Amino acid sequence: MLSLTAPSLLEVLRRRVADDPTRPSFSFLDASGAEAEALTRGELDRRARAVAAALQATGAAGERALILQP
């Protein structure tokens, strides 16, 4: 049976991590424009899961949260 619902953003991102966890996802530049740090899909997924676990541990599951990053 054909599904007419689009996958959620989370489903799309998890599929991309599973397909190629070593593919670059984000590059962070320093003030001069040189790459200071890079994250692969797998590294980004691990960091996001760690943040989610920390929020759940504080009882924030299901609540709004503002996450500030440098």
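This text goes with the structure placed above it.
By convention here, each chain's residues receive numbers from 1 onward along its written sequence. Thresholds applied to this predicted model are a pLDDT of at least 70 for local features of residues and 80 or more for the giving and counting of side-chain atom pairs; totals over whole chains, interfaces and linings are not thresholded and use all residues. Only hydrogens and water are set aside when side-chain values are computed; all heavy atoms of the structure are taken into account.

## What to know about the side chain of Arg41
Let me state the cut-off plainly: A helix here means a DSSP run of H or I that spans at least four residues, while a strand means a run of E at least two residues long, and both kinds are numbered starting from the N terminus. Categorising residues by exposure relies on relative accessible area from a 1.4 Å probe, with only protein chains included: less than 20% of the type maximum marks a residue as buried, more than 50% marks it as exposed, and the intermediate range marks it as partly exposed. In this tally, Lys and Arg are treated as positive and Asp and Glu as negative; His is ignored, and so are the chain termini. Definition used for salt bridges: Asp or Glu carboxyl oxygen within 4 Å of a side-chain nitrogen of Lys or Arg. Contacts are assigned to residue pairs that have any heavy atoms within 4.5 Å of one another.
Residue position: Arg41 is located in helix H2 (residues 41–57). Asp20 provides the closest opposite charge to the buried, unpaired Arg41, separated from it by 5.4 Å. Leave out the neighbours within four places in its chain, and Arg41 touches Arg16, Val17, Asp20, Pro21, Arg23 and Ser25.

## Some points on the pattern of salt bridges
All chains considered together, the criterion is met by two salt bridges. Between Glu37 and Arg47 there is a salt bridge, with its nearest N and O atoms 3.0 Å apart. Residue Glu37 is located in strand S2 (residues 35–40), and its partner Arg47 is located in helix H2; the two are separated by ten residues in the primary sequence. Judged by relative accessible area, Glu37 falls into the partly exposed class, the value being 34%. A residue is classified by how much of its surface remains accessible, and Arg47, at 46% relative accessible area, is partly exposed. Linking Asp45 and Arg49 is a salt bridge whose minimum nitrogen-to-oxygen distance equals 2.9 Å. One end of the pair, Asp45, and the other, Arg49, are both in helix H2, four residues apart, so they sit about a helical turn from each other.

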